[in-house]
Amino acid sequence: MTARLQPLREIDAGVLRIAYFESGPADGPAVILLHGYPYDIHSYVDVAPRLAAQGCRVIVPYVRGYGSTCFLDPSIPRSGQQAAIGADLIALIDALAIPRAVFAGYDWGGRAACVGAALWPERCAGLVSVGGYAIQDIAKALKPASVPQEFAYWYQWYFQTERGRAGLAAHRAEIARLLWQQWSPNWRFDDATFARSAEAFDNPDHVDVVIHSYRHRYGLAEGDPRYQELEQRLAAQPVITAPTITLDGDADGVTPATDGRAHAGKFSNRIAHRVIPRAGHNLPQEAPEAFTAAVMEVLR
């Protein structure tokens, strides 16, 4: 039997009705666990109970475009830009009346966590970010990377085209499964584990949000005007002041592990940078003990 994070709760927060899982004592220190593409809340299926058992109030939301999280108004642009997912995080803790929380995530979730920590430092009690400083420098986004890195980003180039949009609409699960395999070569997930997460991609806004995310980050799609001021602030690549631990998986097939020095100047209070052996891109699900330990350490 494949464990599930359930039951889900829902709350109106900003432009969304956010579906989320909660566990742990209501008066414990709050931890928000944020998933990436193409994954879902079950990246934290082993992290959430570990944190709850140590007294944390754990919140695991479905990011916009995933699961049963939905937009409150059909006229709202289905944006996937970084300011939007960061603003969603703050709207969620506002709606839950949480004054401060640890923000922790990887991929899109790591970006949302970094955006929240950078733009709303008074709300961030600590940060755990897989991949380091995840705020996009859109002004420099068209500078070519190394050839192996460009090859690893094949899906991003595919999503710039209308063929890619149609492909994602028709084959969202197949694309996701291939990315899981490429990005986490040591992770032997079974069919039930993948199917549990793939359900989240049936969200009616999934394709629009994903396509916009990968086009906006290269300056190839306009952003939602409501986030323009936030994007301008992010363009300055703000320093993050919260206590931070950054993590890399040494087998990550899309974001190669580093020694952390390139991003060191973006964190004024980084406790540690760690490379987790054999872990791939979905680090909290592949190495839940290491991820949990990092969250507990920034709480101290």
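A. Geometry of the side chain of Asp 248. Mapped onto the secondary structure, Asp 248 falls in strand E8 (residues 244–249). The charged side chain of Asp 248 is buried without a salt bridge, its nearest counter-charge being Arg 270 at 7.7 Å. Among the polar contacts made by the side chain of Asp 248, one reaches the main-chain amide nitrogen of Gly 131 at a distance of 3.4 Å. Of the polar contacts made by the side chain of Asp 248, one reaches the backbone nitrogen of Thr 258; its length is 3.0 Å. Among residues more than four places away in sequence, those in contact with Asp 248 are Gly 131, Gly 132, Ala 257, Thr 258, His 273, Arg 274, Val 275, Ile 276 and Leu 283.

B. Region of the structure containing the packing of aromatic side chains. On inspection of all chains with the given rule, the structure shows 26 aromatic pairs. Judged by centre distance (4.9 Å) and plane angle (25°), the ring pair of Trp 180 and Trp 187 falls under stacked. The class of Trp 187 is buried, set by a relative accessible area of 14%. Above the plane of the ring of Tyr 133 lies Lys 266, whose end atom (NZ or CZ) is 5.6 Å from the centre.

C. Local environment of the packing of helix H6 (residues 162–183) against helix H8 (residues 206–216). Contact geometry for H6 and H8: axes closest at 10 Å, N-to-C directions at 140°. In terms of orientation, H6 and H8 fall into the oblique class. Of the two elements, H6 crosses H8, and the hand of that crossing is right-handed. Along the contact surface, H6 presents Glu 162, Gly 164, Arg 165, Leu 168, Ala 169 and Arg 172, while H8 presents His 206, Val 207, Asp 208, Val 210, Ile 211 and Arg 215. Its residues assigned to classes, the contact of H6 with H8 comprises five nonpolar, two polar and five charged.

D. Summary view of the confidence of the model for the protein. Looking at the protein as a whole, its pLDDT mean stands at 97, while 100% of the residues score no less than 70. Element-level mean pLDDT values for the protein span from 96 in helix H4 (residues 147–152) up to 99 in strand E3 (residues 30–34).

E. Focus on the side chain of Asp 40. Assignment of secondary structure puts Asp 40 in the loop between E3 and helix H1 (47–53). Despite its burial, Asp 40 remains without a salt bridge, the nearest opposite charge being carried by Arg 196 at 5.7 Å. Polar contacts involving the side chain of Asp 40 include one to the side chain of Tyr 62, which spans 3.4 Å. If we skip the residues at most four places from it in the chain, Asp 40 touches His 35, Tyr 62, Tyr 106, Arg 196, Ser 197 and Ala 200.

F. Region of interest: the nonpolar core. Counting residues in hydrophobic clusters, the biggest one holds 102 residues, and the most contacted among them are Leu 33, Tyr 37, Phe 103 and Phe 291. For this core, the leading source of residues is helix H2 (residues 82–95), giving nine residues. Other than its neighbours up to four places away in sequence, Phe 103 contacts Ile 32, Leu 89, Ile 90, Ile 93, Ala 113, Gly 116, Ala 117, Arg 123, Cys 124, Gly 126, Leu 127 and Val 128.

G. Summary view of H2. Over its 14 residues, H2 extends 20 Å from the first C-alpha to the last, a length consistent with the 20 Å expected when each residue adds 1.5 Å. H2 sits mainly inside the fold: 12 of its 14 residues count as buried. All buried positions along H2 are accounted for by Gln 82, Ala 83, Ala 84, Ile 85, Gly 86, Ala 87, Asp 88, Leu 89, Ile 90, Ala 91, Leu 92 and Ile 93. Trailing H2 by a residue or two, Ala 97 shows a phi angle of about 55°, which is positive.

Quick notes on the rules
- Residues numbered from 1 in each chain as written.
- Predicted model: local features only at pLDDT ≥ 70, side-chain atom pairs only at ≥ 80, totals over all residues.
- Heavy atoms only, no water.
- Helix = DSSP H or I, 4+ residues; strand = E, 2+ residues; numbered from the N terminus.
- Buried < 20%, exposed > 50% of the residue type's maximum accessible area, 1.4 Å probe, protein only.
- Lys, Arg positive; Asp, Glu negative; His and termini not counted.
- Salt bridge = Lys/Arg side-chain N within 4 Å of Asp/Glu carboxyl O.
- Polar contact = N/O pair within 3.5 Å; in protein donor to acceptor, adjacent residues only side chain to side chain.
- Contact = heavy atoms within 4.5 Å.
- Phe/Tyr/Trp six-rings, centres within 6.5 Å; stacked < 30°, edge-to-face > 60°.
- Lys NZ or Arg CZ within 6 Å of the ring centre and 35° of its normal.
- Axes fitted to C-alpha atoms, helices over the stretch in contact; angles between N-to-C directions.
- Parallel < 35°, antiparallel > 145°, perpendicular 65-115°, else oblique.
- Left-handed = near helix turned anticlockwise from the far one by under 90°.
- Nonpolar A, V, L, I, M, F, W, Y, C, P; charged D, E, K, R; others polar.
- pLDDT = per-residue confidence, 0-100.
- Core = buried A, V, L, I, M, F, W, Y, C linked by side-chain atoms within 4.5 Å.
- Expected span 1.5 Å × (residues − 1).

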